[in-house]
Amino acid sequence: MSSTDIRFCRATREDIPSMVKIEEEFFSNYEKTFDQKFFDQWFEHNANMFFVIKNVEEDVLGFVVLTPITETLHNRLIKGEVFDFFDFSKSEVIRTMDSDYYYVSDICVSRSRAGNYMKAVINIAGGMIGILAEKAKYVTACPVTTAGARLCRTVGMKKVAESESNGVRYSVCLLEMTPEIISRFQRIAKRTNRTGDENDD
């Protein structure tokens with residue numbers, strides 16, 4: 001499977017059941033996961049923030065949520081006052097993709113579906129990086145897995161605080177999208193041959 005066999009694109013409502021299954025598989029060791037109700041209500045609020053990767057058969061292999069947030073929520077995140085969507089209010093999540101502040105949640109790829117797992121990971125990371133290069137000035141994330149923390153370090157994010165969920169403390173990571181970072185992200189995105197309608201607002 002070449003990278004062009006995998007398409008990075010906006011999610012549709014028909015993709016939600018697959019996203020729920022991937023969420024359950026990827027975060028099986030965690031008490032809190034995003035269920036059907038979560039996806040339905042946030043999809044209604046802003047469907048444009050959900051992205052998937054699909055193979056040529058249109059099977060969903062993974063997904064990522066690139067959340068446009070208010071400056072107020074951004075500041076709460078970097079102070080460690082909130083943790084992921086479980087603490088977000090809808091007034092803090094913008095209904096379009098027009099924001100300087102983005103929160104990256106749930107970048108996950110299914111090992112059972114992907115075939116070539118690493119190629120799928122590279123594709124979804126490249127798609128994510130391309131969107132952030134186009135849209136964001138500041139990016140935050142609270143990785144809960146070792147792979148997520150490694151990806152944050154790889155793209156240059158720095159730990160700025162800690163946030164607590166279910167008695168466990170997680171790092172809050174921040175990346176300022178400087179011209180140098182944007183240029184690097186654009187080169188990475190180009191190499192992954194992203195396709196689909198990910199540039200539309």
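From a predicted model like this one, the values you see are computed outputs, not experimental measurements. (Residues numbered from 1 in each chain as written. Predicted model: local features only at pLDDT ≥ 70, side-chain atom pairs only at ≥ 80, totals over all residues. Heavy atoms only, no water.)

A. Region of the structure containing the overall build of the protein. Looking only at helices and strands, one finds 7 helices and 7 strands in the protein. Start at the N end of the protein and walk to the C end: the helices and strands fall as β-α-α-β-β-α-β-α-α-β-α-β-β-α. Principal-axis analysis of the C-alpha atoms gives the protein an extent of 40 × 40 × 30 Å. A separation of at least 24 residues holds for 74% of the contacts in the protein among residues at least 6 apart in sequence. Counting every atom, the protein has about 9,600 Å² of accessible surface; 47% of that belongs to carbon and sulfur. Seen as two clouds, the 26 positive and the 30 negative side-chain charges of the protein have centres 5 Å apart. (Helix = DSSP H or I, 4+ residues; strand = E, 2+ residues; numbered from the N terminus. Contact = heavy atoms within 4.5 Å. Areas by Shrake-Rupley, 256 points an atom, 1.4 Å probe, with all protein chains shown as cover. Lys, Arg positive; Asp, Glu negative; His and termini not counted. Charge placed at Lys NZ, Arg CZ, Asp CG, Glu CD.)

B. Quick look at the nonpolar core. Among the nonpolar cores identified, the biggest contains 64 residues, and Phe39 and Phe50 are the most heavily contacted of them. Looking at this core element by element, the count peaks at 8 residues for helix H5 (residues 117-135). Once residues lying within four places of it in the same chain are set aside, the contact partners of Phe50 are Arg10, Ala11, Met19, Phe38, Phe39, Trp42, Phe43, Val64 and Val65. (Core = buried A, V, L, I, M, F, W, Y, C linked by side-chain atoms within 4.5 Å. Buried < 20%, exposed > 50% of the residue type's maximum accessible area, 1.4 Å probe, protein only.)

C. Examining helix H1 (residues 16-26) more closely. Looking only at H1, the buried set comprises Ile16, Ser18, Met19, Val20, Ile22 and Glu23. Where the residues of H1 are buried, they touch helix H2 (36-45), strand E2 (50-54), strand E3 (60-69), strand E4 (101-109) and helix H4 (111-114).

D. Expanded view of the packing of H1 against H2. For the pair H1 and H2, the least separation of the axes is 9 Å and the interaxial angle reads 130°. It follows that H1 is oblique to H2 by the angle criterion. By crossing handedness, the relation of H1 to H2 is classed as right-handed. Across the interface between the two elements, Ile16, Pro17, Met19 and Val20 of H1 pack against Gln36, Phe39, Asp40 and Phe43 of H2. Across the contact of H1 with H2, the residue classes break down as 6 nonpolar, 1 polar and 1 charged. (Axes fitted to C-alpha atoms, helices over the stretch in contact; angles between N-to-C directions. Parallel < 35°, antiparallel > 145°, perpendicular 65-115°, else oblique. Left-handed = near helix turned anticlockwise from the far one by under 90°. Nonpolar A, V, L, I, M, F, W, Y, C, P; charged D, E, K, R; others polar.)

E. Here's a closer look at the packing of aromatic side chains. Applying the stated criterion to the full structure yields 16 aromatic pairs. Both rings, one in Phe34 and one in Phe85, keep their centres 5.9 Å apart while their planes meet at 85°; by these two values the pair is edge-to-face. Taken as a pair, Phe34 in the loop between H1 and H2 and Phe85 in the loop between helix H3 (71-78) and E4 lie far apart in primary sequence, 51 residues in all. The interplanar angle of 80° and the centroid separation of 5.6 Å between the aromatic rings of Phe39 and Phe63 together place this pair among those described as edge-to-face. (Phe/Tyr/Trp six-rings, centres within 6.5 Å; stacked < 30°, edge-to-face > 60°.)

F. The sheet that holds E2, seen in detail. One open sheet holds the 7 strands; their spatial order is E1-E2-E3-E4-E5-E7-E6, and the pairing between them is mixed. The open sheet terminates on both sides in strands that have one partner only, identified here as strand E1 (7-10) and strand E6 (158-165). Averaged over neighbouring strand pairs, the angle between their axes works out to 25° when direction is ignored. Note: E1 against E2, 4 bridges, orientation antiparallel. Each bridged residue has a counterpart across the sheet, and for Cys9 the counterpart in E2 is Val52. (Pairing = 2+ DSSP bridges.)

No statement about biological role is implied by the geometric values presented.
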